[in-house]
Amino acid sequence: MEREATVFVVDDDEAARVMLQFLFGSVGLRSEGFASAEEFLQQYEPDQPGCLMLDVRMPGMSGLELQKRLACRGSRLPVIVLTGHGDVPMAVRAVRAGAFDFLEKPTNDQVLLDRVQQAIALDRTQRLEQVARDGIIKRLASLTGKEREVLDRVVAGKANREIAAELGVSVKAIEARRANVMSKMEAQSVAGLVRMAIIASEPEDDTPAN
Amino acid sequence: MSEPRGNRSGERNHAAPSGLTRVPPARRLEREGDLQHDPAIFKQLVMASEFAFGWANLEGKVVYLNPAACALLDIASPEDAVGRDLGSFYADDELQELNGRVLPTVLSEGKWTGELPLRSTQGRTIPAIQNIFLVRGQDEGERYIVNVITDITDRQQAEEALRRSEAEKSLILNSTSEVIIYRDSEYTVRWANAAAGASVGKRPEELVGRKCYEIWRERQTPCDQCPLVDVTEGHSVEDELVTSDGRTWLIHGTPVRGENDETLGFIKVMTDITERKQSEQRLHLLSSAVEQSNEGIAVADLKGHLLFVNRAFAAMHGYEPEEVLGRHLSVFHTPEQMQAVDEAKRAAQETGELRGEFWHARRDGSVFVGLMQKSLLRDEAGTPIGIISTLQDVTQQRRDEEQSRQREAELAQSSSLSMMGEMASGIVHEVTQPLSAIANGAHACLRLLSDDGQGADPKQFADKLRLMAEQAERAGQIVHRLRRFVADREPKWSDFDVCAALREAATLIAAQAREDDVEVRLELPDSLPLVRGDLIQIEQVILNLARNSLEAMGDDGDGERRLTFRASAREGKVVEVAVEDTGPGLTPDAAQRAFEPFFSTKRRGMGIGLSISRSIVEAHHGRLWFAPDVERGATFRFTLESAR
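Not measured: the values here are computed from a predicted model.

Thresholds applied
- Numbering of residues begins from 1 in every chain and follows the order in which that chain's sequence is written.
- Chains carry letters from A onward and ligands carry numbers from 1 onward, assigned in written order.
- Predicted model: local features are reported for residues with pLDDT of at least 70 only, side-chain atom pairs are reported and counted for 80 or more only, and whole-chain, interface and lining totals are derived from all residues.
- We count a stretch as a helix when DSSP gives it H or I for four or more residues in a row; a strand needs E for two or more, and each element gets its number in order from the N terminus.
- Here exposure depends only on C-beta density: within 10 Å of a residue's C-beta, 20 or more other C-beta atoms make it buried, 12 or fewer make it exposed, and intermediate numbers make it partly exposed, the C-beta atoms being placed from the backbone.
- A pair of residues counts as a contact when their C-beta atoms, built from backbone coordinates, are separated by no more than 7 Å.
- Scored between 0 and 100, pLDDT is the confidence that the predictor attaches to each residue.
- Each residue is assigned to one class: nonpolar for Ala, Val, Leu, Ile, Met, Phe, Trp, Tyr, Cys and Pro, charged for Asp, Glu, Lys and Arg, and polar for all the others, Gly among them.
- Following DSSP output, two strands are said to pair if at least two bridges run between them.
- Helix axes are fitted only over the stretch in contact, all axes being lines through C-alpha atoms; the angle between N-to-C directions runs from 0 to 180 degrees.
- Note on terminology: a nonpolar core is a set of buried residues of type Ala, Val, Leu, Ile, Met, Phe, Trp, Tyr or Cys, with members joined through C-beta atoms within 7 Å.
- The labels follow the angle: roughly parallel below 35 degrees, roughly antiparallel above 145, roughly perpendicular from 65 to 115, and oblique for the rest.
- Handedness of a crossing follows from how the near helix is turned relative to the far one, being left-handed for an anticlockwise turn of less than a right angle and right-handed for a clockwise one.

Undergrad: Go over the overall build of chain A, please, and point to the residues and values.
TA: Each helix and strand in chain A was counted, giving nine helices and five strands. Reading the secondary structure of chain A in the N-to-C direction produces β-α-β-α-β-α-β-α-β-α-α-α-α-α. When burial is assessed residue by residue, chain A has 32% of its 210 residues classed as buried. Pairs at least 24 apart in sequence give 66% of the contacts found in chain A among residues at least 6 apart.

What follows is the structure in structure tokens.
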């Protein structure tokens, strides 16, 4: 059962925070408010889906620092940064650090809500992909060493005869192993197998290093 | 010679003059040959002779002295002389000489001639040459000492005079510092005075016989441009010569001519003018410097009449130097301007020194500001003899200063605008927060209402609307505060609590401090005397200091980040405010130059914030300074006078 997405609002200004949550509530979005980055980090569990709405100016831990900490914990929670006035260098830094978007206050409510929905959708996609990848990796781990040899060569586009010659076994034996790979990997086609191999080879954390 | 025989000689003497013509020559000569021994003639000869002589016997007693000798020795008549002792005519030393040497010589050799002074009966010393010899009387037996005396008093006096005048001349010639030589036409020195010898470190005699060019120029041949060549041609000449030791001489040559106007040689007088030359050069240099100086220089007598003006002084006033000589200094001022000068003069009478800026008038009536310095010119005894004035036209300088003052004012204006701009960016955030909250709240309400009030709890609406109203008020207050800064305002003096200004500044800086992650701390006493001044200006000073601190801490990521405002009462009715930060502090160079206009360590700073802040504080009779003695960060302090 998929958990309900939550908008995590981090802003030291209580009025701003309350009103943002009021706005999210008015469209039926679940939200949680935090007065500081530290408070949020204490309570947040990475498996909680949604997005993070962050005021760029905060005492204590800065928005940028918070983004970094989240990444370290393996969270890919999308971050929307809010600022009081257009500060280009700040925006660049935030986006480089992996922010989903950067919005200037006061924000048009529709734009704000749209971006929040998109961020939540992204989070959901990322989480689904994560689940899929976790499955692929689990299935890959179930292959024997010989099956893995065959998989690598199939993915590289080699014909059974070629693989048999390379590995010094009969074509028949290769065909048998190949059938095992397809069934263990739950692949319908070679193309599907290739896609799974690509997904599995992607680095788990795609947050660019800053 | 024997005793005179008056009669015989008298007769012959009588006959002779008349007989000279009448007696036939041969006969006469024969007769006259006989007369060679005529005692009468001898007697007359002895009596009339102007030569002094006499004779004495070998006992030294006078036998006879002729009248001339008697006169010489102050004896009344020959009779009085008879029997006197020869020794009585000599002083002791001469007597000794006479008895010891002269008489023995006469006795042994028959005669003696020499200079031996006599002494008259009156005690006079008579310089004399004496010719003493022995004679025999008639019977060939008796011997007498004859003495022929030549009085040389006159000659000796003449000689003495001559010697004295020679000595005098050489004394004169040797006393003078001028080198004087006499040389012949072949350049050979014939005579040199002491100075001539001294000029080359020798005795004068050593120069004689040497060539002049050898002596002074160390040459083997005559000098190419011998100044005495013209002299050779017969004129006196004067020239300058530098000798091999580097000294400069003034040479005066005069020809010496013989009776037939032939040139015998030259007198060369050389004066060492090395020092005079040097001082002339110094004077020349000095006078060129004065003449060419861009600064006006004038010398006037004590009444103010111009004795000298250099070109610059005259030109500043539109004159040629010669046009103003003799005129009064007041020619350079209008009567009104002169009044100011006179007043200043009276004020400076005691010291005699006057320095100040005065208006001057040019010839064409235009005016300029001159920086004038007057001082008394004194003679060697220290008595004032005139006034030296130096003058600089500072009109342009004053104009430039005025321009730079205006420029500074403009910059101050633009700086305060830029201060406001920077502050505004902080305030924008402050205003945006509530506005954004209001907007979000209003949109939420609208969405809830558009859903026909579905899920809209009236209480929830009321809470949110109250919060929104509060936020609107908050925004209003911020805007109000901003307006106080933006308004083009006249300084408004009042008595205020500096703590209030610090709190206000802390509020204004809060947004930026939060962004920069800096903690703002207020450490204020419970009560503090009110200070007098312009609250807004003082707030600007505090904000400026605070902003500097925030920017200083901006790049310093580690450690504490804190901005502290302090205020305390100090002695002498003064309140001191301190703005401290925990930034990197100031380098010694930056600390020294911090208050210089246009000095900045910031990349984008104009460098006039501190300079303006200091001006503001000083306009409040306070002081603003950098306190270097803190462990960490930078601390700026300023004082304000407390109100009565």
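Undergrad: Residues and numbers for the overall build of chain B, please.
TA: Within chain B, the regular secondary structure consists of 21 helices and 24 strands. The buried share of chain B, taken over its 644 residues, is 27%. For chain B, long-range pairs separated by at least 24 residues make up 51% of all intrachain contacts whose partners lie at least 6 apart in sequence.

Undergrad: So what's going on with the confidence of the model for chain A? Which residues, and what values?
TA: For chain A, the average pLDDT comes to 85, and 90% of its residues sit at 70 or higher. Below pLDDT 50 for its whole length, residues 205-210 of chain A participates in seven contacts with residues either more than four positions away or in separate chains.

Undergrad: Residues and numbers for the interface of chain B and chain A, please.
TA: Taken residue by residue, the interface counts 22 residues in chain B and 19 residues in chain A. Secondary-structure elements contributing two or more residues to the side of chain B that touches chain A are α16 (395-450), α17 (458-486) and α18 (498-515) of chain B. A per-element tally of the side of chain B that touches chain A places α16(B) first, with 16 residues. For the side of chain B that touches chain A, the class distribution of residues is eight nonpolar, nine polar and five charged.

Undergrad: Please provide a residue-by-residue account of the pairing of strand β24 (residues 635-641) of chain B, values included.
TA: Side-chain positions along a regular strand alternate between the two faces of the sheet. All names here are of chain B. Note: strand β22 (residues 574-581) against β24, seven bridges, orientation antiparallel. Bridge pairing in β24 links E580 to T635. Of the pairings in the sheet, the one linking strand β23 (residues 624-627) to β24 comprises four bridges and is antiparallel in character. Paired with W625 across the strands is R637, a residue of β24.

Undergrad: A description of the sheet that holds strand β19 (residues 519-523) of chain B should follow, citing residues and the corresponding values.
TA: Residues and elements named next belong to chain B. Read across the sheet, five strands follow the order β19-β21-β22-β24-β23 without closing on themselves; strand pairing throughout is mixed. Whereas interior strands pair on both sides, the edge strands pair on one side only; in this sheet they are β19 and β23. Taken over all neighbouring pairs, the strand axes of this sheet differ in orientation by 20° on average, direction set aside. In this structure, β19 lies alongside strand β21 (residues 562-570), joined through five bridges in parallel fashion. Each residue of the ladder has a partner; that of R521, found in β21, is T564. In the packing of α18 onto the sheet, contacts are made with β19, β21, β22 and β24, and the angle to β19 comes to roughly 175°.

Undergrad: Could you give me a rundown of the sheet that holds strand β11 (residues 248-257) of chain B, with the residues and numbers involved?
TA: Residue and element names in this part refer to chain B. Strand order in the open sheet made by the five strands is β9-β8-β12-β11-β10, with antiparallel pairing throughout. Lying at the two open borders of the sheet, with one neighbouring strand each, are β9 (189-192) and β10 (237-242). With direction set aside, neighbouring strand axes in the sheet form an average angle of 25°.

Undergrad: I'd like to hear about the nonpolar core, residue by residue, with values.
TA: Judged by nonpolar contacts, the single largest core of 45 residues is most densely connected at F8(A), V10(A), M53(A), L54(A), I80(A) and V81(A). Per element, the largest residue contribution to this core is eight residues, and it comes from helix α1 (residues 14-26) of chain A. Counting 36 residues, the second largest nonpolar core, distinct from the first, contains V531(B), A567(B), V575(B) and I616(B).

Undergrad: Please give an account of the confidence of the model for chain B that cites residues and values.
TA: Residues and elements named next belong to chain B. Looking at chain B, pLDDT values average 81 and 83% of them are 70 or higher. Across chain B, element-level confidence peaks in β22 with a mean pLDDT of 93 and bottoms out in helix α1 (residues 6-22) with 46. pLDDT under 50 marks residues 1-20. Its contacts with residues more than four places away, or in other chains, come to 26 contacts. Interface predicted TM-score (ipTM) for the complex: 0.75; the corresponding pTM is 0.41.

Undergrad: Could you give an account of the packing of helix α7 (residues 160-167) of chain A against helix α8 (residues 171-184) of chain A, naming the residues involved and the relevant values?
TA: All names here are of chain A. It is the contact of α7 with α8, at a shortest axis distance of 8 Å, that shows an interaxial angle of 110°. When the interaxial angle is binned, α7 and α8 end up roughly perpendicular. The way α7 lies across α8 gives a crossing that is right-handed. Across the interface between the two elements, N160, R161, I163 and A164 of α7 pack against V171, I174, E175 and R178 of α8.

Undergrad: Tell me what's going on with the environment of V79(A), and back it up with residues and numbers.
TA: By secondary structure assignment, the location of V79(A) is in strand β4 (residues 79-83). Non-local contacts of V79(A), meaning those with residues more than four positions away in its chain, are made with L52(A), L54(A), Q67(A), A99(A) and F100(A).

Undergrad: Provide a residue-level description of unusual backbone geometry, including the pertinent values.
TA: The step from K105(A) to P106(A) runs through a cis peptide bond, and the omega angle for that step is -10°. As for its placement among the helices and strands, P106(A) is situated in the loop between β5 (101-104) and α5 (109-142). Within the chain, Y187(B) stands out as a residue other than glycine whose phi angle is a positive 70°. Here Y187(B) is to be found in the loop between β8 (179-184) and β9. Positive phi values are uncommon outside glycine, yet K573(B) reaches one of about 55°.

Undergrad: Tell me about the environment of L73(B), and name the residues and values.
TA: Its place among the elements puts L73(B) in the loop between α4 (67-72) and α5 (78-81). Excluding anything up to four places from it in sequence, L73(B) contacts F89(B), L118(B), S120(B) and T121(B).

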